[in-house]
Amino acid sequence: MLLLQKDCQKKKLLLRHEHTRLSFLLQSGFAEGCQLRCGEAFLEKLPEYLGVRYGGCLVKGGNFGIRILDEEKQVRATKPYQAMGKLFAEGDGFFREETKKFTGPESYPLPVRLMMGLIFKTLAKKMFQKAAASWGCRVPLDEKVNEKKYANE
């Protein structure tokens, strides 16, 4: 631990520069922004620990499906990230109002959450199992592997 601490202190001195800033892209499969706020809060503190300025955090949920889209739809789904990259390159980091809107909904109303829960327990479950099989998964996604392990002992 002491070596790690000394290494961090050394890197902190090497990184420190008045114009150095650290910015982040925080994305998740969860659609609601509230699911990402804990990670965002941690990332806000990290640059100070490293001795650099915080450049903001671009937060976006609802990205799970990108992985299973065909290439054309992936390109379309990632275009908004390219637009945010252009805004970032203008020098303001991720502090502009547009980046706050990029997150999407902070949380869905209860009826929408209930409906989405029903969809995920039925239709989406079958779609995810099909996608997992195409990626080489050999066991069901909801298999309780830990319970089987302990039952066999």
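Details of the structure are given in the entry above.
About the cut-offs
Residues numbered from 1 in each chain as written. Predicted model: local features only at pLDDT ≥ 70, side-chain atom pairs only at ≥ 80, totals over all residues. Heavy atoms only, no water. Helix = DSSP H or I, 4+ residues; strand = E, 2+ residues; numbered from the N terminus. Buried < 20%, exposed > 50% of the residue type's maximum accessible area, 1.4 Å probe, protein only. Contact = heavy atoms within 4.5 Å. Salt bridge = Lys/Arg side-chain N within 4 Å of Asp/Glu carboxyl O. Polar contact = N/O pair within 3.5 Å; in protein donor to acceptor, adjacent residues only side chain to side chain. Phe/Tyr/Trp six-rings, centres within 6.5 Å; stacked < 30°, edge-to-face > 60°. Lys NZ or Arg CZ within 6 Å of the ring centre and 35° of its normal.

### A short note on the side chain of Ser28
Now for step 1: Within the secondary structure, Ser28 sits in the loop between strand 1 (21-27) and helix 2 (37-50).
Now for step 2: For Ser28, a relative accessible area of 11% puts it in the buried group.
Now for step 3: In contact with Ser28, other than residues within four places in its own chain, are Leu36, Lys60, Gly61, Gly62, Asn63 and Phe64.

### Considering the environment of Val59
Now for step 1: Looking at the element boundaries, Val59 is found in strand 2 (residues 53-60).
Now for step 2: By relative accessible area, which is 1% here, Val59 ends up buried.
Now for step 3: Spatially, the C-alpha atom of Val59 lies 8.6 Å from that of Arg37, the residues being 22 residues apart in sequence.

### Here's the deal with the pattern of salt bridges
Now for step 1: Per the stated rule, a full pass over the model turns up five salt bridges.
Now for step 2: Arg37 is the partner of Glu40 in a salt bridge, and the nearest nitrogen-oxygen pair spans 2.6 Å. Residue Glu40 and its partner Arg37 are located together in helix 2, separated by three residues, close to a single helical turn.
Now for step 3: Residue Arg76 is joined to Glu72 by a salt bridge in which the shortest nitrogen-to-oxygen separation is 3.4 Å. Within this pair, Arg76 and its partner Glu72 are both found in helix 3 (residues 71-92), separated by four residues, close to a single helical turn. Accessibility assignment for this pair places Arg76 and Glu72 in one class, exposed.
Now for step 4: Put simply, Arg37, Glu40 and Glu106 are held in one network by salt bridges that share partners.

### Focus: the side chain of Asn63
Now for step 1: Along the chain, Asn63 falls in the loop between strand 2 and helix 3.
Now for step 2: Reaching out from Asn63, the side chain makes a polar contact with the side chain of Gln27 at a distance of 3.3 Å.
Now for step 3: One polar contact links Asn63 to Tyr81, side chain to side chain, over a distance of 2.8 Å.
Now for step 4: The contacts of Asn63, once residues within four sequence positions are left out, are Gln27, Ser28, Gly29 and Tyr81.

### Describing the packing of aromatic side chains
Now for step 1: By the definition in use, this model includes three aromatic pairs.
Now for step 2: For the pair Tyr54 and Phe95, a centre-to-centre distance of 5.9 Å together with 75° between the ring planes defines the contact as edge-to-face. In this pair, Tyr54 sits in strand 2 while Phe95 sits in the loop between helix 3 and helix 4 (97-102), placing the two residues 41 residues apart along the sequence.
Now for step 3: Classification of Phe95 as partly exposed rests on a relative accessible area of 47%.
Now for step 4: Ring geometry for Tyr81 and Phe102: centres 5.1 Å apart, planes at 80°, overall edge-to-face. Of this pair, Tyr81 sits in helix 3 while Phe102 sits in helix 4, placing them 21 residues apart in sequence.
Now for step 5: Here Tyr81 falls in the partly exposed class, since its relative accessible area comes to 22%.
Now for step 6: Looking at Phe102, the relative accessible area reads 9%, which means it is buried.
Now for step 7: Lys60 extends its terminal NZ or CZ atom over the ring of Phe102, reaching a point 5.4 Å from the ring centre.

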